[in-house]
Protein chains: 2
Amino acid sequence: MNMSLLVVGSMAFDAIETPFGSTDKIIGGAASYICLSSSVLHPDINLVAVVGGDFPTDFVDTLRQRGVRTEGLQVLQDRKSFFWKGRYHMDMNTRDTLATELNVLGDFDPIIPDSYQDSRYVMLGNLSPKVQSTVIERLKNKPELVVMDTMNFWMETAMDDLRHTLTLADVLTINDEEARQLSGEYSLVKAARKIRAMGPKTLVIKKGEHGALLFHEDEIFFCPALPLEDVFDPTGAGDTFAGGFIGYLAAQGRKDFDAFRQAIVHGSALASFCVEKFGTERIAEISAEDLQQRIRLFQQLSSF
Amino acid sequence: MNMSLLVVGSMAFDAIETPFGSTDKIIGGAASYICLSSSVLHPDINLVAVVGGDFPTDFVDTLRQRGVRTEGLQVLQDRKSFFWKGRYHMDMNTRDTLATELNVLGDFDPIIPDSYQDSRYVMLGNLSPKVQSTVIERLKNKPELVVMDTMNFWMETAMDDLRHTLTLADVLTINDEEARQLSGEYSLVKAARKIRAMGPKTLVIKKGEHGALLFHEDEIFFCPALPLEDVFDPTGAGDTFAGGFIGYLAAQGRKDFDAFRQAIVHGSALASFCVEKFGTERIAEISAEDLQQRIRLFQQLSSF
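How each quantity is defined
Residues numbered from 1 in each chain as written. Chains lettered and ligands numbered in written order. Predicted model: local features only at pLDDT ≥ 70, side-chain atom pairs only at ≥ 80, totals over all residues. Pairing = 2+ DSSP bridges. Helix = DSSP H or I, 4+ residues; strand = E, 2+ residues; numbered from the N terminus. Axes fitted to C-alpha atoms, helices over the stretch in contact; angles between N-to-C directions. Contact = placed C-beta atoms within 7 Å. Buried ≥ 20, exposed ≤ 12 C-beta atoms within 10 Å, placed from the backbone. Core = buried A, V, L, I, M, F, W, Y, C linked by C-beta atoms within 7 Å. Nonpolar A, V, L, I, M, F, W, Y, C, P; charged D, E, K, R; others polar. Least-squares fit on C-alpha atoms with pLDDT ≥ 70 in both. Arc of directions from axis to C-beta. Parallel < 35°, antiparallel > 145°, perpendicular 65-115°, else oblique. Left-handed = near helix turned anticlockwise from the far one by under 90°. Expected span 1.5 Å × (residues − 1).

**Student:** Even after reading the chapter, I still don't get the sheet that holds strand β9 (residues 121-124) of chain A, so can you show me in this structure?
**Tutor:** Working definition: the strands of a sheet are paired by backbone hydrogen bonds and lie parallel or antiparallel to each other. All names here are of chain A. The strand order β6-β5-β1-β9-β10-β11-β12-β13-β14 describes an open sheet built from nine strands, whose pairing is mixed. The sheet is open, and its two borders are formed by β6 (68-76) and β14 (219-223), each paired with just one other strand. Pairs of neighbouring strands in the sheet enclose a mean axial angle of 15 degrees, with direction left out of account. Relative to β9, strand β1 (residues 5-8) is paired through four bridges, and the arrangement is parallel. Looking across to β9, one finds that V8 is bridged to L124. Helix α2 (residues 57-65) contacts β5 (45-52) and β6 of the sheet and is inclined by roughly 160 degrees relative to β6. Together, β11 (171-175) and β12 (202-206) form the strand contacts of helix α6 (residues 176-183), whose direction differs from that of β11 by roughly 110 degrees.

**Student:** Looking at this model, I keep getting lost on the pairing of strand β2 (residues 12-18) of chain A. Mind explaining?
**Tutor:** Residues and elements named next belong to chain A. With five of seven residues buried, β2 is to be regarded as a mostly interior element. Pairing between β2 and strand β4 (residues 26-28): three bridges, direction antiparallel. Residue pairing across strands places D14 opposite I26, the latter belonging to β4. Sheet analysis places β2 next to strand β7 (residues 82-88), joined by six bridges and oriented parallel. Paired with D14 across the two strands is W84, which belongs to β7. As defined by bridge partners, β2 adjoins strand β3 (residues 21-22) across two bridges and the pair is classed as antiparallel. Bridge assignment links E17 to a residue of β3, and that residue is S22.

**Student:** I'm lost on the nonpolar core in this one. Help?
**Tutor:** Inside soluble globular proteins, nonpolar side chains tend to come together where they are buried. Of all hydrophobic cores here, the largest spans 196 residues; its most connected members are V7 and V147 of chain A together with V7 and V147 of chain B. Ignoring anything within four residues of it in the chain, the contact list for V7 of chain B reads A31, I34, C35, S38, I45, L47, V48, M123 and G125 of chain B.

**Student:** Whenever I open this one, the interface of chain B and chain A confuses me. Can you help?
**Tutor:** Where the parts come together, the accessible area they lose is often given as the size of the interface. Every contact between the two is made by 24 residues of chain B and, on the other side, 23 residues of chain A. Looking at side-chain class alone, the side of chain B that touches chain A contains 14 nonpolar, five polar and five charged residues.

**Student:** Explain unusual backbone geometry here, please?
**Tutor:** Excluding glycine, residues mostly have negative phi values, and the peptide bonds linking residues are mostly trans. All names here are of chain B. Positive phi values are uncommon outside glycine, yet N103 reaches one of about 50 degrees. Secondary-structure assignment places N103 in the loop between β8 (95-101) and β9 (121-124). Residue N103 is classed as buried on the basis of its 20 C-beta neighbours within 10 Å. Notably, E217 is not glycine yet its phi reads approximately 45 degrees, a positive angle. Using a count of 11 C-beta atoms within 10 Å as the deciding quantity, one classes E217 as exposed.

**Student:** Would you explain the sheet that holds β9 of chain B in this entry?
**Tutor:** Residue and element names in this part refer to chain B. The nine strands lie next to each other as β6-β5-β1-β9-β10-β11-β12-β13-β14, forming an open sheet whose pairing is mixed. Strands at the two margins of the open sheet, each flanked by one partner only, are β6 (68-76) and β14 (219-223). In this sheet, adjacent strand axes meet at a mean angle of 15 degrees when their direction is disregarded. Of the strand pairs in this sheet, β9 and strand β10 (residues 145-149) are connected by four bridges, and their pairing is parallel. Following the sheet pairing, M123 is matched in β10 by V147.

**Student:** Would you mind showing me how to read the relation of the copies chain B and chain A here?
**Tutor:** One chain copy maps onto the other through a rotation about an axis and a shift parallel to that axis. When chain B is fitted onto chain A, the two copies agree to an RMSD of 0.0 Å after a turn of 180 degrees and an axial shift of 0.0 Å. Such values leave the two copies arranged in the relation of a two-fold axis. For chain B, the residue whose C-alpha comes nearest the rotation axis is H210 of chain B, separated from it by 2.9 Å. Here 96% of the contact residues of chain B are again contact residues in chain A; the copies associate through an equivalent surface.

**Student:** It is not clear to me how helix α5 (residues 159-166) of chain B should be interpreted in this structure. Could you clarify?
**Tutor:** All names here are of chain B. Where α5 is concerned, the buried positions are L162, T165 and L166. For α5, the angular spread of buried residues about the axis comes to 100 degrees, placing them on one side. On its buried side, α5 packs onto α3 (129-137), β10, α4 (152-157) and β11 (171-175).

**Student:** I would appreciate a short explanation of the packing of helix α8 (residues 237-252) of chain B against helix α9 (residues 257-274) of chain B in the present structure.
**Tutor:** Think of two packed helices as two axes; the pair is described by the angle between the axes and how far apart they sit. Residue and element names in this part refer to chain B. Where α8 contacts α9, the axes come no closer than 7 Å and their chain directions differ by 140 degrees. With respect to α9, the element α8 is oriented oblique. The element α8 and its partner α9 pack so that their crossing is right-handed. Contacts between α8 and α9 involve A237, T240, F241, A242, G243, G244, F245, Y248, L249 and Q252 on the former and, on the latter, A259, Q262, A263, I264, H266, G267, S268, A269, L270, A271 and C274. Classifying every residue of the contact of α8 with α9 by side-chain character gives 13 nonpolar, eight polar and no charged.

**Student:** So what exactly am I meant to see when it comes to helix α1 (residues 30-41) of chain B here?
**Tutor:** Residues and elements named next belong to chain B. The terminal C-alpha atoms of α1 lie 17 Å apart, and with 12 residues this matches the ideal 16 Å at 1.5 Å per residue to within 8%. For α1, the tally of buried residues reaches 12 of 12 residues, placing the bulk of the element in the interior. For α1, every residue scored as buried is listed here: A30, A31, S32, Y33, I34, C35, L36, S37, S38, S39, V40 and L41.

**Student:** Could you clarify how one ought to interpret the packing of α3 of chain B against α5 of chain B in this entry?
**Tutor:** Residues and elements named next belong to chain B. One can describe the packing of α3 onto α5 by two numbers: an axis separation of 8 Å at closest approach and a directional angle of 30 degrees. For the element pair α3 / α5, the angle class is roughly parallel. As α3 runs across α5, the sense of the crossing is left-handed. Here P129, K130, Q132 and S133 of α3 come into contact with α5, specifically with D161, L162, H164 and T165.

Function-wise, these values are silent; they only describe arrangement.
Structure, rendered in structure tokens:
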């Protein structure tokens, strides 16, 4: 069976300020990080996204060389790509948005080429829940597994759409603050119960430097984050995590508890690379062997 | 060799407010929690503490029944016990102190009875660093292992004393905020390096609901906290953790990396009980079998 992975998400420019420095416009966006990350494990990816004429063709070429098909990437030559500017606080777990320019993302109508129709695994990167559900509804065959990411912005502006999209997802990845916001529960155990009743049977709560929790059937699994000397830039860490998570599952063609556990470890290990440099720089240079070495560090860190 | 464990720390009354309820004066204090916790694993404890005439003799009897010797417990009949009143925020990881009455703790001059002189393991519970160092200096034989706890208050009011006491300790247990304050470093990896240069070769950073990190020689170990439906009262969780940690080590008579890892898991498991009810109520009812069952939950939670 073809285990092609379909990825939809933003491709964008980011400008980032952290206590360690700042960047001008660099490549960002959920789909950029997801594709770089999942292609380490599973270089068989169908990308659905939209960019403006200002988006670097070099980066698209890089993705193609990593096994990412781009027939579903719309390039709107006379328009501009999505732009986000943000500033991280000292704790690196919270940030302020300084600017958001939707540009081509404002009226994104996703195209699913025929060649993508047999995608068995789907990663709905952070994006309007309406676009996320449209992608699922335009697939003629029901996929094996749909993983979706989202963020607080959509809870505040498109909750009805989000509720609908949640019913289409098998797995939701979300951070701890967002899990609390979505459920109205402070306890993550209670939050998980409420969120799983909204649709996704499996829930991953990302806690940044505090690791990630998996809720699946009656089981809970916790994966720590690797303690790092410095976190230079957390941008894209959640997307990189999601890319590693779905990349592992698609590569294995599995969706049992053990596979989910391993997927979380792979996602966490890839995310631990992502934050070591600004933007996509670090994740773009990681090999499968680098990843396996880091996974051994995770094993040493948490086994007793 | 006698592996008696010497414990020094406060014994006190606490009044606690949380989002889930509040208590009048109940039994509290670092040494109370440490003794209850370590006696689950190692009922061979020499207590050094001071209370007023208002402190319940029932509780002292309870400790004795759990293998705690109290020749080193001073009861000052015409004075009052230490009192602390605090309020937890919704996140249960931060709190405000509403009242502190030092009372007998203000001029505590610790007595080490001759019968305590062969204590091989020492737990310096949170207390003035001057009292902590006095205890060590009044032991005629150098102990096998000295574990100390402290808090931000002493960094702000008695930093010189604290620096001296740190040079006498083999292991420091401290929370993440305090580690950052003590070291001036945000990264916990960097903070650990600086703190270990101050004296304690081994460092445990407690992160509350986010688990605990162990730094020992060139190794790092992480133990998660158990995800709980509800945390009713975090008071004493850090002391309960410390009690389980040193109790395991004293019971085993070991101080290698593997023993420290297991000690952290035992401490974390005991702390996970402590927060389930107000004050010392829950930890006082835990058996060795309850503890082993919970440790199996920790294994399931973090193995992959």
